[in-house]
Amino acid sequence: MIWLTWRQHRVQALSAIGLLILAGVFLGLHGQSLHDEYRQHVAGCLATDDTSPACSMTVRSYFDKVARAERLITWVNVIPGLIGAVVGATLLAPEYENGTWRLAWTQGVTRTRWLVTKAALLVAATLVFTGAMAWLFTWYREPMDKVVVDGRFAAQAFDTEGLSFPVYTLFALSLGALVGLLIRRTVTAIVITVAVFLAVRLPAESYLRPHYQNPVTRTGSPLTPLTDKRHHWILSDGWLDATGRRLSHDEYRRIANAYPDRTGFAEYLQSHGLRWWETYHPATRFWHFQLTEAALYTSLSAILLAATTLRLRRRAL
Amino acid sequence: MSGPLSIEPNLGGDAPALETERLGKRYGKVRALHDCWLSLPAGAVIALVGPNGAGKSTLLQLVTALLEPTEGVVRVFDAPVRAGAAAGLEQVAFVAQDHPLYRGFTLADHLEMGRRLNRRWDRTLAERRFAELDLPLRRRAKDLSGGQQAQVALALALAKRAPLLVLDEPLASLDPLARREFMSTVMAAVAEDGLTVLMSSHVVAELERVSDWLVVLSHGRVRLSGPVDDLVSSHRVLTGPRTELAASVPGVVRQEHADRHSTMLVRTTGERPEFHPAWQSRSIGLEDLVLAYLELPDPASQPPAQPSPTETSPR
């Protein structure tokens, strides 16, 4: 079975290794320059809150560099869905499409063992590959995360660092296997796998992830600006009036626009009794959120793989 | 999945090659196979015939554990055949309709797959077949002709060294020359190894020359099962004047009445059946016999024809 799995998936395995090497070389070189520049120039400016023109220039140009890097590595977000389609959906659908299921499952190995062995090997290989990728991203993004507002909670960081990346891929792979079994046509199975994967993954990120824990809300005077704001995951923020009521954006603009110039603006807001508020998840919750997300997608994957096995055992046609 | 296995089938004994008891398969409300009782002898070449949609493929896929029955059991050389049991799988080799192979695999890859997935595997036998067919081991399956593909699929099935070989419409997609070559390979294996072969077809003529046991299936029921020679010799067609005499003839399978005379197909029991002198008696060919049974009214209203225990082994 190990040989058969390798023989049927060796092109995919070699492509994955090739991709890993390419990403390693590219992210390694570029990441090293991001790390160096941060350590030599940017870290000092940020640590001392230096507002000299030289420091502003350094930080600004580093920001631009980080923004370009963000755009450059957006492509990694397609990897989980791609593996779900290319590896997951092609686990069973082509066997039905080409009729080879009748060849494969009339050998001396039961089809349950055939599936469990193959799925286990593919899951293991996928976790090794995505785990290596996630480790690479985590290292590459380390200096970037220090200058981005939401830090490691920023979607781009959270989705590719730590456990998220492997568990998304595991989910896509399991989903592809079940869809392939139910649909039995490779191309249709691939399309449906990607569609369902996105239909679960994207809403979960927007609507589920903020609620893994109760967010913290704090308020403060306009005269005491936030000092530890960086790297918290800010869900929402705004202004309160003297009675503690949250102001709408328009109400705040009316008050702010009535003030003629910029100097002493904080004192002006203070004199109106305004206080700021924000609701956020502290940066220290990163691993709690990662583990919650991992548990969620691992459970989903386990259910999908179990359903695939049971369904295959019960009936092949 | 382990356990004692008989490596060689019990050819001399009474153990049937294939037994089904009350076997049935439903797809939702559709009954593909119903109340199927069969006991097929070891060493026979068994033809499973019936029109398209009669349930032939369903029966063969139940025998090869590709399908789970909704009721009843299948036993091959006393090993129960279930999708979850490797012991049953090892008793049956299968060449599916259209002879599926992995398109991207070379012949060597297919042999390696067979070796890895079977406890018993006769690589030499398959390699010899490939050499006879002039097929190099590095040839990919997608580069084979239809006839070559069938031969390769057959060689892989034979290399499994299972005592029962099941062929689902093996000749349907082949040209006449490829058909003859395919069947001669099958018959050689039967002669050499005492293999039991169960093959389906919707064309009786294809199997008439090679098979010695016949199973007729229609509407998901077994209509007839027995040794070909006995079936042919025990059926007579009677024609005679249309009178009440018809009612007194025993063993009528089917009757047709014209204005003045009647035609009947009867199944006789005695060695030399005697009929009223008013009736003319003649023998019937296998193809007509099968057609007569297929044209019987829907079996839902009748008890199915069951294999009688008095039937003797073929040859």
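On a predicted model such as this, the values are computed, not experimentally measured, just so you know. (Residues numbered from 1 in each chain as written. Chains lettered and ligands numbered in written order. Predicted model: local features only at pLDDT ≥ 70, side-chain atom pairs only at ≥ 80, totals over all residues.)

Looking at this structure, how should I read the overall build of chain A?
The secondary structure content of chain A amounts to twelve helices and three strands. When the backbone C-alpha atoms are referred to their principal axes, chain A occupies close to 85 × 45 × 30 Å. Counting across all 317 residues of chain A, residues that qualify as buried make up 32%. Of the contacts made within chain A by residues no fewer than 6 positions apart, 83% connect residues no fewer than 24 positions apart. (Helix = DSSP H or I, 4+ residues; strand = E, 2+ residues; numbered from the N terminus. Buried ≥ 20, exposed ≤ 12 C-beta atoms within 10 Å, placed from the backbone. Contact = placed C-beta atoms within 7 Å.)

Honestly, the pairing of strand β4 (residues 71-76) of chain B in this entry has me stumped. Any pointers?
Looking along a regular strand, one sees side chains alternate from face to face of the sheet. Residue and element names in this part refer to chain B. In this structure, strand β1 (residues 18-27) lies alongside β4, joined through five bridges in antiparallel fashion. By the bridge assignment, Leu18 is partnered in β4 with Val76. Where β4 meets strand β5 (residues 79-80), two bridges bridge the pair, whose relative direction is antiparallel. Paired with Arg75 across the bridge in β5 is Pro80. In sequence, β4 turns back onto β5 through a hairpin of two residues, with Phe77 there showing a positive phi of about 45°. (Pairing = 2+ DSSP bridges.)

Just to check I follow, could you spell out the packing of helix α5 (residues 146-159) of chain B against helix α6 (residues 176-193) of chain B for this structure?
For any two helices packed against each other, one specifies the crossing angle of their axes together with the interaxial distance. Residues and elements named next belong to chain B. Across the interface, α5 lies against α6 with an axial gap of 10 Å and an inter-helix angle of 10°. Taken together, the axis directions place α5 and α6 in an arrangement best described as roughly parallel. Between α5, through Gly146, Gly147, Ala150, Gln151, Leu154 and Leu158, and α6, the contact on the second element is made entirely by Ala178, Glu181, Phe182, Thr185 and Ala189. Its residues assigned to classes, the contact of α5 with α6 comprises six nonpolar, four polar and one charged. (Axes fitted to C-alpha atoms, helices over the stretch in contact; angles between N-to-C directions. Parallel < 35°, antiparallel > 145°, perpendicular 65-115°, else oblique. Nonpolar A, V, L, I, M, F, W, Y, C, P; charged D, E, K, R; others polar.)

It is not clear to me how unusual backbone geometry should be interpreted in this structure. Could you clarify?
If a residue is not glycine, its phi is most likely negative; likewise, a peptide bond is most likely trans. Residue and element names in this part refer to chain B. The backbone phi angle of Asp35 is positive, close to 50°, even though this residue is not glycine. Tracing the sequence through the fold places Asp35 in strand β2 (residues 30-40). You can call Asp35 partly exposed: it has 19 C-beta atoms within 10 Å. A positive phi angle is found at Asp134, which is not glycine, with a value near 65°. Of note, Asp134 is situated in the loop between α4 (123-132) and α5. For Asp134, a count of 8 C-beta atoms within 10 Å gives the class exposed.

I keep staring at the domain arrangement of chain B and nothing clicks. Help me out?
For interface size, the figure often reported is the accessible area lost on association. Residue and element names in this part refer to chain B. Taken as a whole, chain B is organised into domain 1 (18-211) and domain 2 (229-301). The centre of domain 1, based on its C-alpha atoms, is set 35 Å off from the matching centre of domain 2. The interface of domain 1 with domain 2 comprises five residues on the first partner and four residues on the second. For the side of domain 1 that touches domain 2, the leading source of residues is helix α7 (residues 204-208), giving three residues. Grouping the constituent residues of the side of domain 1 that touches domain 2 by class yields four nonpolar, no polar and one charged. (Domains from an automatic or database assignment.)

Help me out: how do you make sense of the environment of Arg260 of chain B in this one?
Residues and elements named next belong to chain B. Mapped onto the elements, Arg260 comes out in the loop between β12 (252-257) and β13 (261-267). By the C-beta count within 10 Å, which is 8 here, Arg260 ends up exposed. Measuring from C-alpha to C-alpha, the distance between Arg260 and Ala79 comes to 55 Å, with 181 residues separating the pair along the chain. With residues near it in sequence (within four places) discarded, Arg260 still touches Pro241 and Arg242.

I'm lost on the sheet that holds β1 of chain B in this one. Help?
Strand pairing within a sheet occurs via backbone hydrogen bonds; the two strands may be parallel or antiparallel. With respect to topology, four strands assemble into an open sheet ordered β2-β1-β4-β5 (chain B), the strand pairing being antiparallel. With partners counted over all chains shown, the strands left at the sheet margins are β2 and β5 of chain B, one partner each.

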